[in-house]
Amino acid sequence: MANLPFDGSFWVNIDRVLRHLDGVYSRAIEELDLDVIEAYILWSLNEQDGQRPSDLARAVGRAVTSFTPILDKLERKALIERRSNSADRRSVRIHLTPTGEKLSRQVAALFQATDTVIKQYIGADELSSFLRVVLVLQHISADT
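This is a predicted model, so every value here is computed, not measured.

## Here's the deal with the overall build of the chain
Logical step 1: Counting secondary structure elements, the chain contains seven helices and two strands.
Logical step 2: Counting from the amino terminus, helix and strand elements in the chain follow one another as α-α-α-α-α-β-β-α-α.
Logical step 3: Dimensions along the principal axes, computed over C-alpha positions, put the chain at roughly 55 × 40 × 25 Å.
Logical step 4: Each of the 144 residues in the chain was classed as buried or not, and the buried ones make up 31%.
Logical step 5: At a minimum sequence separation of 6, the contacts of the chain that also span at least 24 residues come to 48%.

Printed below as a string of structure tokens:
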């Protein structure tokens, strides 16, 4: 591929794009004192409050095994709280605090505005193709 390093290798080029986009989205929310992953957790909880930590981790594309420190940080910021699951006392559900709920709405608005700006650089057909490719890449198994 033209101008892409390593003959257009998927991993390195997607990683470069991800790092670039992380900076774009970080700047969009810098006034909120959140990391991008923290912001997406809040947004996910705004869409469905009371998720299990494992479901929430999968929703934002993080490994369940490395998710606890992120939740701890959000809890210290008083944006989420862990509550016992009434159906199964051994498990917990993650809920937004009132402050977290307000912030989650701001995150959604800022990220949606950022998405709109980015989409202006991409034609409708290209965007549709890109989104199909993203879906395929998300479902490729490790033994491919």
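## What to know about the environment of Glu75
Logical step 1: On the secondary structure map, Glu75 appears in helix α5 (residues 68–76).
Logical step 2: Here the alpha-carbon distance between Glu75 and His95, two residues 20 residues apart in the chain, equals 10.0 Å.
Logical step 3: What Glu75 contacts, discounting residues up to four positions off in sequence, is Ile80, Glu81 and Arg82.
Logical step 4: A polar atom in the side chain of Glu75 sits 2.4 Å from the side chain of Arg82.

## So, the pattern of salt bridges
Close approach of charged atoms lets side chains of opposite charge pair.
Logical step 1: Going through the model one piece at a time under the given rule, you end up with ten salt bridges.
Logical step 2: Taking the shortest distance from any N to any O, the salt bridge between Arg19 and Asp15 comes out at 2.8 Å. Residue Arg19 and its partner Asp15 are located together in helix α2 (residues 10–29), separated by four residues, close to a single helical turn.
Logical step 3: By relative accessible area, which is 59% here, Arg19 ends up exposed.
Logical step 4: A salt bridge links Asp72 to Arg82; the nearest nitrogen and oxygen atoms lie 2.8 Å apart. In this pair, Asp72 is assigned in helix α5 and Arg82 in strand β1 (residues 80–85), connecting sequence segments ten residues apart.
Logical step 5: Under the relative-accessibility criterion, Asp72 is labelled partly exposed at 28%.
Logical step 6: Residue classification places Arg82 among the partly exposed positions, given a relative accessible area of 27%.
Logical step 7: Each of Asp35, Glu38, Lys73 and Lys77 takes part in salt bridges that share partners, so that together they form one network.

## Digging into the layout of surface pockets
Gaps left between atoms are located by rolling a probe of water-molecule size over the structure's atoms.
Logical step 1: When its volume is computed, the largest pocket comes out at roughly 2200 Å³.
Logical step 2: In terms of lining, the largest pocket is formed by 39 residues, of which the most central are Val17, Leu18, Leu21, Phe130 and Val134.
Logical step 3: Contributing elements (two or more residues each) for the lining of the largest pocket: α2, α3 (36–47), α6 (98–119) and α7 (124–138).
Logical step 4: Here the lining of the largest pocket takes ten residues from α2, the largest share from any one element.
Logical step 5: Across the lining of the largest pocket, the residue classes break down as 26 nonpolar, six polar and seven charged.

## Section: the side chain of Ser44
Logical step 1: The residue Ser44 is located in helix α3 in this model.
Logical step 2: Those residues in contact with Ser44, other than ones at most four positions away along the chain, are Gln51, Leu56, Ala59 and Val60.

## Quick notes on the pairing of strand β2 (residues 88–96)
Logical step 1: Where β1 lies against β2, six bridges are found, and the strand directions are antiparallel. Among the inter-strand pairings, Glu81 is bridged to a residue of β2, identified as His95.
Logical step 2: Once β1 ends, the chain turns through two residues before running back antiparallel as β2.

## So, the nonpolar core
Logical step 1: Judged by nonpolar contacts, the single largest core of 26 residues is most densely connected at Leu34, Ile41, Leu42, Phe67, Ile80 and Phe111.
Logical step 2: No other element matches the seven residues that α3 contributes to this core.
Logical step 3: Residues contacting Ile41, with those up to four places away along its chain left out, are Leu56, Val60, Phe67, Ile70 and Leu74.

Reading guide: rules and limits
- Residues numbered from 1 in each chain as written.
- Predicted model: local features only at pLDDT ≥ 70, side-chain atom pairs only at ≥ 80, totals over all residues.
- Heavy atoms only, no water.
- Helix = DSSP H or I, 4+ residues; strand = E, 2+ residues; numbered from the N terminus.
- Buried < 20%, exposed > 50% of the residue type's maximum accessible area, 1.4 Å probe, protein only.
- Contact = heavy atoms within 4.5 Å.
- Polar contact = N/O pair within 3.5 Å; in protein donor to acceptor, adjacent residues only side chain to side chain.
- Salt bridge = Lys/Arg side-chain N within 4 Å of Asp/Glu carboxyl O.
- 1 Å grid on protein atoms, 1.4 Å probe; cavity = no way out; pocket = protein on both sides within 12 Å on 5 of 7 lines; lining within 4 Å.
- Points joined across faces, edges and corners; volume = space filled by probe spheres on them.
- Nonpolar A, V, L, I, M, F, W, Y, C, P; charged D, E, K, R; others polar.
- Pairing = 2+ DSSP bridges.
- Core = buried A, V, L, I, M, F, W, Y, C linked by side-chain atoms within 4.5 Å.

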